[in-house]
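Residues per chain, in single letters:
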Amino acid sequence: MTAANLREFVADTPAEEDSTLAAAHSALSQAFTVMEEPGAAGCGTCRRTWLDTFDWRLYKAGLTLEFEQTRRGGRLLLSKADGTPQAEQSVTRWPRRPGLAEDLPDGPVRDRILVLTSPRALLPIVKAVSTVSVTRLLNVDGKTVARLVTERVTVTAPPGNIAADTTAELPPRLAVTEVRGYPGQARRAVALLAGVPGVSHASQGLFTAALTALGRHPADYTSGVDAEITAAMPAPVAVARLLLRLLDTMELNVPGVLRDIDTEFLHDFRVAVRRTRSAIKLLGQVLPADLAGHYKTEFKWLGDVTTPIRDLDVHLLGFDAMTEQLVAASPADLEPLRAFLARRRAREFRRLAAALRGPRFRAITQDWRKALLELRDVDGPRRRRPTAAELALSTTGRSFRRIVAQGGAITPASPPESLHDLRKRAKELRYLLEFFAPLHDPVAYRKVVSDLKQLQDCLGEFQDDEVQRHEISELADAMLAERAAPAATLLAMGEIAANLAVGQAEARAEFAARFGRFAGPAGRERVRVLLEGRP
Amino acid sequence: MKIFATYNIKGGVGKTTAAVNLAYLSAADGCRTLLWDLDPQGAASFLFRVKPRVKGGGKALIRGTKALDDAIKGTDFDHLDLLPADFTYRNMDLLLDDAGARPTRKLARLLKPLAAEYDHVFLDCPPSISLVSENVMHAADVLLVPLIPTTLSVRTLDQLTEFVAGFNGHRPQVRAFFSMVDRRKKLHQEITRDLQAERPGVAATPIPALSVIERMSVERAPVSAFAPRSVAARAYRALWSEISKDI
């Protein structure tokens, strides 16, 4: 607890607010004359909104961002988790819709958060309306030697959030503030308050307390799998838990996708769909056969309807980096392509929104959840074997051996498809490792994932460059067909395609070394330790 | 950081009431303001209900064993702090004289570290002509000189202006204003009118002699705080507008 929050207290319950505050004043009057200060600085109503990205990037970096509304606009305050101010910036207004940090006017807060948050939008996480009153604590000379600040707070989770539109009233918060040169008097007031029944030291800051009251906690969203599974759990139960966790992730991201808040809602949604498809494919043997078969088709559909817009997002997100690579052409030459991509995206977004609001998607989520819950919760005689650990061992080992065999057969003369296929297998292994991460030794897990990630990066670079090259070519055709492609733009696109081909060749040249590290004797040993060392 | 000093060789001319009210108005405008009560009588400290005591006394401050920063007390008003008086300030001349090279610049050196913390510093000086006053004149950007409208006061202003003009390097701006003006007295009216017309450094706003200003010692607060609509409060506000306009 810091010195600052040692001076902060909270009443135990909102219901007993008046009697608790009266008791606090009575305790303080043992040492001070207690006097209301109606016009004091900070008195009145205060409106604050805490902002973060949906995946809590600021919180994870140890920062909190607060927007304080004032009569003429407002100001953004960036602080460390312990409340130490980091940067402050005036803004004329905060947009009703969540905005990107890059849309903020230039200033110290923008500078600090831009790289951290990009490409995610800043989302209002909690809104608080506080009524603040100030009481002066006077010594025998009638001099103010400390102040008691009382804050009554109502908090709301804004739309687009987990627990959206929930409102809660917090127990009143009391804080003793020191007057310069009178530290002893502030300490005395703190000691008196600490002895008041129904008043405790505030263990949480206002932001955290607000989240708790709304049934949330910081960093309560992650795109990771982190399902609660144990080694001895029957495999169908473990797989149902994994799949339910992935379904939760999909559903949590749908509002953000539909409001088109930022591109990463769809990205996280798609990753959860891909993981689900891999889980059905690789672990589906422990699910009822008809269930796996039906949802294999359904999730493929869901993956397909989200692909076009993600591809366009990837182009648009990387657009500036792409133009920076131009040597012969000018960045301005590519602007017609950017406009074309944006128009296409708007069209594709309408299709995607219709699909996510439609009956097929609704049926997938509802029926899939129902089936998984039954699988997870139904009592009665059930096959206890295989356990989650046995399933992890057999599937992970098989997946690894397959990669070793397929990758070992790749030579410089092999067609690109062989690398594409290996990439899929590597992704499957990665998903298996993530699914069963709680069953593995963390050190052994990190080592294997690190090797695999390097291989995946190389294979990803190879394939992404090829896919993007084909897409550039298709986009050029489409732009020509719509007469939206000046010659300069086509030439610039040609240069981009050439750069992609160079990148792809470099990735191909690196493949043998990366694969060697992953599948060579040392890599195999790391996988053996991982699988045999599991609990 | 701008340093104002209320100074007059004579006592009882309204230095402290001016320092207290002008510092209060500066803070009310949102400027971070410090008032240093240099008068061992501690009248300004009394008016802000702060005990006229500094740990280690004037010696510790002048010798630097206690930073000014550590002796500062918050007043009851936002943005306004006070460096209290101490009875040992009566020996400040001797302390300054012992303070090493360039003893007339010691206060200026002591105040320098506060530049990041305050926009305005007011020095409320004891009535005298001494090493303390010379230090104050070297430290101040503006000397605020309250004048009772008498012929002798005018002579004192002339002497002071001449003294400051003889400084090498930094010279404070001398701003006089009439204080304790009794509009019923013909002499007050004449001197106020004539001097304001003759001297560019004399403020147009006079501070009248009013009982509400005397009540400050009963209320122990600036007149602008306890009687903000009074004639006296309006006069101090007008005077501060005039002075702050030039900085």
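Participant: Can you break down the overall build of chain B residue by residue, with the values?
Facilitator: Regarding its fold elements, chain B presents 13 helices and seven strands. Relative to its length of 247 residues, chain B is compact, with a C-alpha radius of gyration of 17 Å against a globular reference of 18 Å. Dimensions of chain B, computed from C-alpha atoms along their principal axes, come out at roughly 50 × 40 × 30 Å. Across the 247 residues in chain B, those meeting the buried criterion constitute 47%. Contacts in chain B between residues at least 24 apart in sequence constitute 76% of all its contacts with a sequence separation of at least 6.

Participant: Tell me what's going on with the overall build of chain A, and back it up with residues and numbers.
Facilitator: Of regular secondary structure, chain A possesses 17 helices and twelve strands. Each principal axis of the C-alpha distribution contributes one length, and for chain A these read about 95 × 70 × 50 Å. Looking at chain A as a whole, 34% of its 535 residues are labelled buried. Sequence separation of at least 24 residues holds for 70% of the intrachain contacts in chain A that already meet a minimum separation of 6.

Participant: Describe the interface of chain A and chain B, naming the residues involved and giving the relevant values.
Facilitator: If you look at the interface, chain A gives eight residues, while chain B gives nine residues. Considered class by class, the residues forming the side of chain A that touches chain B number two nonpolar, three polar and three charged.

Participant: Please provide a residue-by-residue account of the domain arrangement of chain A, values included.
Facilitator: Residues and elements named next belong to chain A. As assigned here, chain A comprises domain 1 (3-213) and domain 2 (235-532). Here the C-alpha centre of domain 2 lies 42 Å away from the C-alpha centre of domain 1. Listed as interface residues are nine residues of domain 1 and, on the opposing side, ten residues of domain 2. Its residues assigned to classes, the side of domain 1 that touches domain 2 shows seven nonpolar, one polar and one charged.

Participant: Please set out the sheet that holds strand β2 (residues 33-37) of chain B residue by residue, giving values where relevant.
Facilitator: Residue and element names in this part refer to chain B. Read across the sheet, seven strands follow the order β3-β4-β2-β5-β1-β6-β7 without closing on themselves; strand pairing throughout is mixed. Strand pairing shows two members of the sheet lacking a second neighbour, β3 (73-74) and β7 (173-178), which therefore form its edges. In this structure, β2 lies alongside strand β5 (residues 120-124), joined through five bridges in parallel fashion. Opposite Thr-33, over in β5, you have His-120 as the bridge partner.

Participant: So what about unusual backbone geometry? Which residues, and what values?
Facilitator: Trans peptide bonds make up most of the peptide bonds, and negative phi angles are found at most residues other than glycine. Going from Ser118(A) to Pro119(A), the amide bond is cis rather than trans, its omega being 5°. Its place among the elements puts Pro119(A) in the loop between α4 (108-117) and β8 (121-138). One non-glycine residue, Trp56(A), lies in the positive phi region at around 60°. As for its placement among the helices and strands, Trp56(A) is situated in the loop between β3 (44-52) and α3 (57-60). In this structure, Arg220(B) takes a positive phi of about 55° despite not being glycine. You can see Arg220(B) is positioned in the loop between α11 (216-219) and α12 (223-226).

Participant: Can you break down the pairing of strand β11 (residues 173-178) of chain A residue by residue, with the values?
Facilitator: All names here are of chain A. The sheet contact formed by strand β1 (residues 8-11) and β11 spans three bridges and is antiparallel. Counted as the bridge partner of Val-10 is Arg-173 from β11. Of the pairings in the sheet, the one linking strand β9 (residues 144-156) to β11 comprises six bridges and is antiparallel in character. Residue pairing in the sheet places Leu-148 in a bridge with Val-176 of β11.

Participant: Hey, could you go over the nonpolar core for me, with residue numbers and the actual values?
Facilitator: Within the largest apolar cluster, 90 residues are counted, with the highest numbers of intra-cluster contacts made by Val126(A), Val155(A), Ala210(A), Val239(A), Leu242(A) and Ala388(A). Taken domain by domain, this core gets at least three of its residues from each of domain 1 (3-213) and domain 2 (235-532) of chain A. Setting aside anything within four residues of it in sequence, one finds Ala210(A) in contact with Val126(A), Ala128(A), Val155(A) and Leu170(A). Grouped together as the second largest cluster of nonpolar side chains are 76 residues, Tyr118(B), Val132(B), Val174(B) and Ile207(B) included.

Participant: Tell me about the confidence of the model for chain A, and name the residues and values.
Facilitator: With 95% of its residues at a pLDDT of at least 70, chain A reaches an overall mean of 89. A low-confidence stretch, residues 1-5 of chain A (pLDDT under 50), is modelled with five contacts involving residues beyond four sequence positions or located in other chains.

Participant: How would you explain the packing of helix α7 (residues 235-258) of chain A against helix α12 (residues 359-377) of chain A if you had to name every residue and give the values?
Facilitator: The relative placement of two packed helices comes down to the angle between their axes together with the axis-to-axis distance. Residues and elements named next belong to chain A. Between α7 and α12, whose axes approach to 8 Å, the crossing angle comes to 150°. Of the possible angle classes, the one that applies to α7 and α12 is roughly antiparallel. The way α7 lies across α12 gives a crossing that is left-handed. The residues of α12 that touch α7, namely those facing Pro-236, Val-237, Ala-240, Arg-241, Leu-243, Leu-244, Leu-247 and Glu-251, are Thr-365, Trp-368, Arg-369, Leu-372, Leu-375 and Arg-376. Its residues assigned to classes, the contact of α7 with α12 comprises nine nonpolar, one polar and four charged.

Participant: Go over the pairing of strand β5 (residues 73-80) of chain A, please, and point to the residues and values.
Facilitator: The two faces of the sheet receive side chains in turn, since in a regular strand these alternate between them. Residues and elements named next belong to chain A. As judged from the eight bridges shared by strand β4 (residues 63-70) and β5, these two strands associate in the antiparallel manner. Its bridge partner being in β5, Gln-69 is matched across the sheet by Gly-74. Turn length for the β4-β5 hairpin, with the two strands adjacent in sequence and antiparallel, is two residues. As paired strands, β5 and strand β6 (residues 85-91) are joined by six bridges and run antiparallel to one another. What sits directly across from Leu-76, in β6, is Gln-89. Here β5 hands over to β6 after four residues, with Gly-83 in that stretch at a positive phi of 95°.

Thresholds applied
Residues numbered from 1 in each chain as written. Chains lettered and ligands numbered in written order. Predicted model: local features only at pLDDT ≥ 70, side-chain atom pairs only at ≥ 80, totals over all residues. Helix = DSSP H or I, 4+ residues; strand = E, 2+ residues; numbered from the N terminus. Rg over C-alpha atoms; globule rule 2.2 N^0.38 Å. Buried ≥ 20, exposed ≤ 12 C-beta atoms within 10 Å, placed from the backbone. Contact = placed C-beta atoms within 7 Å. Nonpolar A, V, L, I, M, F, W, Y, C, P; charged D, E, K, R; others polar. Domains from an automatic or database assignment. Pairing = 2+ DSSP bridges. Core = buried A, V, L, I, M, F, W, Y, C linked by C-beta atoms within 7 Å. pLDDT = per-residue confidence, 0-100. Axes fitted to C-alpha atoms, helices over the stretch in contact; angles between N-to-C directions. Parallel < 35°, antiparallel > 145°, perpendicular 65-115°, else oblique. Left-handed = near helix turned anticlockwise from the far one by under 90°.

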